[in-house]
Amino acid sequence: MRHEHLLIDAPVAALNGVPADEERRDGLVFTRAFRASPEHMMRHWLEPGLRQRWLPLPAPARMLPIAQAFPTSLRATVTDGTHSAYLELLLQDDGPVTVLRLTIVPVAPLTRDMLINTGHGDRWEAALYALADLLAP
């Protein structure tokens, strides 16, 4: 199966309950749609063995879940012991696809510009493509 059928890289106006004009200017926001169930996608975020396959973190870094509502949302922090960022993952079941909205908010002294300048946006983009590969039937 071709990957274009698994990852639909199309703009999405807003998730249910999220105003379209709401935008996090202090973080990175990714919105994607995958051909997978929310339950299947959430397992790849919550189970460390599955997560390591698409989101390999450097040795000192780790992801710590803070709160979750299976299978629709997850809040976590990613830290290397010195710097931290909060992750907010929202999943919405939209028929044959699941819409994912990932927000990464840096914790001071990090800023959004620092995340962009150090390649975090590109690394998360690559990670989401790797996740799409793993979700392939």
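Structural data are supplied above this passage.
What counts and what doesn't
Residues numbered from 1 in each chain as written. Predicted model: local features only at pLDDT ≥ 70, side-chain atom pairs only at ≥ 80, totals over all residues. Heavy atoms only, no water. Buried < 20%, exposed > 50% of the residue type's maximum accessible area, 1.4 Å probe, protein only. Helix = DSSP H or I, 4+ residues; strand = E, 2+ residues; numbered from the N terminus. Pairing = 2+ DSSP bridges. Phe/Tyr/Trp six-rings, centres within 6.5 Å; stacked < 30°, edge-to-face > 60°. Salt bridge = Lys/Arg side-chain N within 4 Å of Asp/Glu carboxyl O. Expected span 1.5 Å × (residues − 1). Arc of directions from axis to C-beta. Contact = heavy atoms within 4.5 Å.

### Let's talk about the pairing of strand β4 (residues 73-79)
Reasoning step 1: β4 sits mainly inside the fold: 5 of its 7 residues count as buried.
Reasoning step 2: Direction of pairing for strand β3 (residues 62-69) relative to β4: antiparallel, over a ladder of 7 bridges. Note on β4: the bridge partner recorded for L64 is T77.
Reasoning step 3: Pairing of β4 with strand β5 (residues 84-94) involves 7 bridges; the strand directions are antiparallel. When the sheet's bridge partners are listed, V78 is paired in β5 with A85.

### Side note on the packing of aromatic side chains
Reasoning step 1: Counting across every chain of the model gives 2 aromatic pairs.
Reasoning step 2: With a centroid separation of 4.8 Å and 70° between ring planes, the pair formed by W45 and W54 is classed as edge-to-face.
Reasoning step 3: Residue classification places W54 among the buried residues on the basis of a relative accessible area of 2%.
Reasoning step 4: With centroids separated by 6.3 Å and ring planes inclined at 10°, the aromatic side chains of W45 and W124 adopt a geometry described as stacked. In this pair, W45 sits in helix α1 (residues 38-46) while W124 sits in helix α4 (residues 120-134), placing the two residues 79 residues apart along the sequence. Each member of the pair, W45 as well as W124, is classed as buried.
Reasoning step 5: Three or more aromatic residues joined by ring pairs form one cluster here, namely W45, W54 and W124.

### As for the pattern of salt bridges
Reasoning step 1: Taken as a whole and assessed by the stated rule, the structure comprises 2 salt bridges.
Reasoning step 2: A salt bridge links R75 to E88; the nearest nitrogen and oxygen atoms lie 2.9 Å apart. Separated by 13 residues along the polypeptide, R75 in strand β4 and E88 in strand β5 bring together distant segments of the chain.
Reasoning step 3: We classify R75 as partly exposed; its relative accessible area is 48%.
Reasoning step 4: Judged by its relative accessible area of 23%, E88 falls in the partly exposed class.

### Let's talk about α4
Reasoning step 1: In this model α4 runs 21 Å from its N-terminal to its C-terminal C-alpha over 15 residues, within 8% of the 21 Å that 1.5 Å per residue would give.
Reasoning step 2: Within α4, burial applies to G121, W124, A127, L128, L131 and A132. An end-on view of α4 places all buried positions within 145° of arc, on one side of the element.

### Concerning the environment of A36
Reasoning step 1: Position of A36 relative to the elements: it lies in the loop between β2 (28-34) and α1.
Reasoning step 2: Its relative accessible area of 12% is what places A36 among the buried residues.
Reasoning step 3: For the pair A36 and P96, spaced 60 residues apart in the sequence, the C-alpha separation amounts to 7.3 Å.
Reasoning step 4: When sequence neighbours within four positions are dropped, the list of residues in contact with A36 reads M41, P96, V97, T98 and L135.

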